[in-house]
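Observations on the three-dimensional arrangement
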Amino acid sequence: MYKIIDFQISSDGRGDLLSLEQTKNVPFEIKRVYCLTRVNPQFPRGFHAHLNLQQLIVCLAGSCRFVLDDGSDRTEVWLDTANKGLLLKDLVWREMHNFSDDCVLMVLANEFYDEADYIRDYQSFLKICRDQS
Ligand code: T46
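These numbers were taken from a predicted model, which means no experiment stands behind them. (Residues numbered from 1 in each chain as written. Predicted model: local features only at pLDDT ≥ 70, side-chain atom pairs only at ≥ 80, totals over all residues. Heavy atoms only, no water.)

What follows is about the overall build of the chain. Scanning the chain for helices and strands turns up one helix and twelve strands. The order of helices and strands in the chain, counted from the N terminus, is β-β-β-β-β-β-β-β-β-β-β-β-α. The C-alpha atoms of the chain give 15 Å as radius of gyration, which agrees with the globular expectation for 133 residues (14 Å, within 12%). Taking the principal axes of the C-alpha coordinates as reference, the chain spans close to 55 × 35 × 25 Å. Taking all 133 residues of the chain together, 40% fall into the buried category. Taking the intrachain contacts of the chain between residues at least 6 apart in sequence as the baseline, contacts between residues at least 24 apart amount to 77%. Approximately 7900 Å² of the chain is accessible, and the part contributed by carbon and sulfur atoms is 46%. With 15 positive and 20 negative side-chain charges, the chain shows a spacing of 2 Å between the two charge centroids. (Helix = DSSP H or I, 4+ residues; strand = E, 2+ residues; numbered from the N terminus. Rg over C-alpha atoms; globule rule 2.2 N^0.38 Å. Buried < 20%, exposed > 50% of the residue type's maximum accessible area, 1.4 Å probe, protein only. Contact = heavy atoms within 4.5 Å. Areas by Shrake-Rupley, 256 points an atom, 1.4 Å probe, with all protein chains shown as cover. Lys, Arg positive; Asp, Glu negative; His and termini not counted. Charge placed at Lys NZ, Arg CZ, Asp CG, Glu CD.)

Structure below.
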């Protein structure tokens, strides 16, 4: 349903440096980068799946909780460090909850933004899962 990728961070007295390179520690070609900043902890986000998209999600600051659902099982993953990336590449319903005030998420994607790739209705998502199995 998901994979966690560990990143090597270069740390010294000046701080931390995270380097992401396509097809190396990012397992796809990067077409898009977007960030979630100034998130409102009162409002969860996501509540959709993607038909055909790979994304690597890195929590650069703060923390949040992902709820992931493949149509059969539901699990949760906390992101609270920049040295791990959450890789989502299959048909997975995702929700983001419990944002800390300072949460910053950076997302790398292998496709440009396309609203037609989104499944935003949970019952439709379940039907597509059933049809694919
Ligand atoms: C995902 C989770 C983790 C764009 O114009 N370009 C973009 O690249 C994206 C991602 C969004 N938008 C627009 C579409 C909406 O009008 O930004 C607005 C907010 O998007 P959305 O409500 O889909 O945001 P989230 O935080 O619920 O979901 C996002 C991504 O959309 C989604 O692919 O997996 O983050």
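We now examine the nonpolar core. In this structure, I57, F66, L86 and L105 are the most contacted members of the largest nonpolar core, which totals 17 residues. Contributing elements (two or more residues each) for this core: β6 (55-61), β7 (64-69), β8 (74-79), β9 (84-88) and β11 (104-109). Top contributing element to this core by residue count: β7, with three residues. In this structure F66 touches I57, T75, E76, V77, L79, L86, E95, M96 and L105, once residues within four positions along its chain are discounted. (Core = buried A, V, L, I, M, F, W, Y, C linked by side-chain atoms within 4.5 Å.)

Pairing is antiparallel in the open sheet, where five strands are placed in the order β1-β9-β6-β11-β4. Only two strands of the sheet have a single neighbouring strand rather than two, namely β1 (3-6) and β4 (32-36). Between one strand and the next, the sheet's axes are offset by a mean angle of 25°, whatever the strand orientation. Where β6 and β9 come together, four bridges link them in antiparallel fashion. (Pairing = 2+ DSSP bridges. Axes fitted to C-alpha atoms, helices over the stretch in contact; angles between N-to-C directions.)

Turning our eyes to something else, we now look at the layout of surface pockets. Vacant regions in the atomic arrangement are exposed by a probe of water-molecule size rolled over the atoms. Considered as a void within the structure, the largest pocket measures approximately 190 Å³ in volume. Forming the boundary of the largest pocket are 16 residues, of which Y34, L36, G46, H48 and M96 lie nearest the centre. Those elements that provide at least two residues to the lining of the largest pocket are β4, β5 (45-50), β6, β10 (93-97) and β11. By residue number, the principal contributor to the lining of the largest pocket is β5, which donates four residues. Of the residues in the lining of the largest pocket, the class split is nine nonpolar, four polar and three charged. (1 Å grid on protein atoms, 1.4 Å probe; cavity = no way out; pocket = protein on both sides within 12 Å on 5 of 7 lines; lining within 4 Å. Points joined across faces, edges and corners; volume = space filled by probe spheres on them. Nonpolar A, V, L, I, M, F, W, Y, C, P; charged D, E, K, R; others polar.)

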